[in-house]
Amino acid sequence: MQEKNVAIVTGSARGIGRAIANKLATKGIHVALGDIDPAVVEVGKQISEQTGSKLEGFVVDVKDYNSCSNFYRNVLSAMECDHVDILVNNAGINRDALFVNMTEQQWDEVIKVDLYSVFNCTKQVVPGMIKVNHGRIVNVSSMSWLGNVGQANYSAAKAGVIGFTKTLSKELARYNITVNAVCPGFIDTPMTRAVPENIRQKFLDRIPMRRIGLPEDVANFVSLLVSEEASYVTGEVINISGGMTI
Ligand code: NAP
């Protein structure tokens, strides 16, 4: 293995991705943050100053394969490494609507950002991981994969992520590459802050722990999954939801 572990975290300019990047940095891991929002560059600098770890933010559109290839090349060059050890496929969006009202654009956008992205980014890192016979991939799905009114697009994409996770875990286990998925419940991020207050309250009523999750709740578990302690865990789908079931 190279001297320091290097991780890529997508969708890390804010929310859950940013918390994951921050948590990995506190463990001394070098982190490449990728996001469509150019603010990611500043976020990388800030976390780097706070933790002393090497972090760098890159603009990438994860729904675009070529953008992901360029991103990966730039990461290897900036981090002075020949592979990355950890990939967290976190970037995602929602465009909710009842199916009868859902437009082709809403369908397309969500499938591309939430599902194509996982193929696009994973495709970059796997050859390098195979070469060193080691790797950690965590895909951020959602409990909505089980079905949620108004989210036919999002549920389909997130269910696809789970199928992808299960298959890849079987294909890559022989190279000591683990592939797992996490399903956050209702987490306090800009994505969920857009949800009307009455719906937020309804979610809260369904959470046995009686609190909305924090991005750090997800980050802490992802950090465990990418550690050596989790080296025999692969193909799993773990809810991080304070006990909520959908
Ligand atoms: P968030 O606050 O909206 O952050 C997502 C980040 O991804 C944003 O910075 C966003 O940039 C970026 N992004 C969007 N499209 C992108 C693209 N094409 N390429 C690169 N980056 C892109 O979301 P979050 O709540 O932290 O969610 C993170 C992940 O957790 C998502 O996969 C989401 O589906 C999943 N999740 C969240 C919850 C929850 O309760 N929050 C629950 C279950 C699952 P812009 O701001 O410019 O769009």
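For the structure, check the block above.
Described below are features of the structure shown in this document. None of the values given here were measured: they were computed from a predicted structure.

Rules behind the numbers
- Position labels on residues start from 1 in each chain and follow its written sequence.
- Side-chain atom pairs in this predicted model are given and counted only at pLDDT of 80 or more, local residue features only at pLDDT of at least 70, and totals for whole chains, interfaces and linings cover all residues.
- As a rule here, side-chain values come from all non-hydrogen atoms in the structure, and water together with hydrogens is ignored.
- Helical segments are the DSSP runs of H or I of at least four residues, strand segments are the runs of E of at least two, and each set is numbered from the N terminus.
- Taken over C-alpha atoms, the radius of gyration is set against a globule rule of 2.2 Å times the number of residues to the power 0.38.
- Note that accessible areas follow from Shrake-Rupley with a 1.4 Å probe, and for residues the cover is restricted to the protein chains shown.
- Positive: Lys, Arg. Negative: Asp, Glu. His and the chain ends are not part of the count.
- All charge positions are set by atom: Lys at NZ, Arg at CZ, Asp at CG, Glu at CD.
- We call a residue near a molecule or strand as soon as one heavy atom of that residue lies within 4 Å of the molecule or strand.
- The term polar contact refers here to a pair of N or O atoms within 3.5 Å; inside protein, the definition further demands a hydrogen-donor-capable atom paired with an acceptor-capable atom, and it admits residues adjacent in sequence only when both atoms are side-chain atoms.
- When residue character is reported, Ala, Val, Leu, Ile, Met, Phe, Trp, Tyr, Cys and Pro are called nonpolar, Asp, Glu, Lys and Arg charged, and the others, Gly included, polar.
- Only buried residues count toward a nonpolar core, which is a set of Ala, Val, Leu, Ile, Met, Phe, Trp, Tyr and Cys residues joined through side-chain atoms within 4.5 Å.
- Summary of the burial criterion: residues with accessible area below 20% of their type's maximum are buried, those above 50% are exposed, and those between are partly exposed, where the area comes from a 1.4 Å probe applied to protein chains only.
- Residue contacts follow a heavy-atom distance rule, with two residues in contact if any of their heavy atoms lie within 4.5 Å.

What the protein contains, in helices and strands, is 8 helices and 7 strands. Expected size for 246 residues packed as a compact globule is a radius of gyration near 18 Å; at 17 Å, the protein falls within 12% of this value. Here the C-alpha coordinates of the protein stretch approximately 50 × 35 × 35 Å along the principal axes. Carbon and sulfur atoms make up 53% of the accessible area of the protein, which totals about 11600 Å². Counting 24 positive and 25 negative side-chain charges, the protein places the averaged centre of each group 4 Å from the other.

A few words now on the site of the ligand. Surveying the vicinity of the ligand reveals 29 residues, the closest of which are Arg14, Asp35, Asn90, Tyr154 and Thr189. A distance of 2.8 Å separates an oxygen atom of the ligand from a polar atom in the backbone of isoleucine 16. Expressed as a share of its isolated accessible area of 900 Å², the protein-covered part of the ligand is 91%. Contributing elements (two or more residues each) for the shell around the ligand: α1 (15-26), α5 (152-172) and α6 (190-193). With 3 residues, the single largest contributor to the shell around the ligand is α6. In terms of residue class, the shell around the ligand is made up of 15 nonpolar, 9 polar and 5 charged.

Another aspect to go through is the nonpolar core. In terms of nonpolar packing, the biggest core is built from 31 residues, with Ile8, Val75, Val84, Val125 and Ile137 touching the most fellow members. Put simply, the parts of the chain that give this core at least two residues each are β1 (6-10), α3 (65-79), α4 (104-132), α5 and β6 (177-184). Take this core: its biggest share by element is 7 residues, from α4. With residues up to four places along the chain from it excluded, the contact list for isoleucine 137 reads Leu87, Asn89, Thr122, Val126, Met129, Leu172, Ile177, Thr178, Val179 and Asn180. Val31, Ile47, Val88 and Ile240 belong to the second-largest nonpolar core, a separate cluster that totals 29 residues.

Located in the positive-phi region is asparagine 133, a residue other than glycine, with phi close to 60 degrees. Relative to the elements of secondary structure, asparagine 133 occurs in the loop between α4 and β5 (135-140). The class for asparagine 133 is partly exposed, based on a relative accessible area of 36%. One non-glycine residue, asparagine 176, lies in positive phi territory at about 60 degrees. Within the element layout of this structure, asparagine 176 appears in the loop between α5 and β6.

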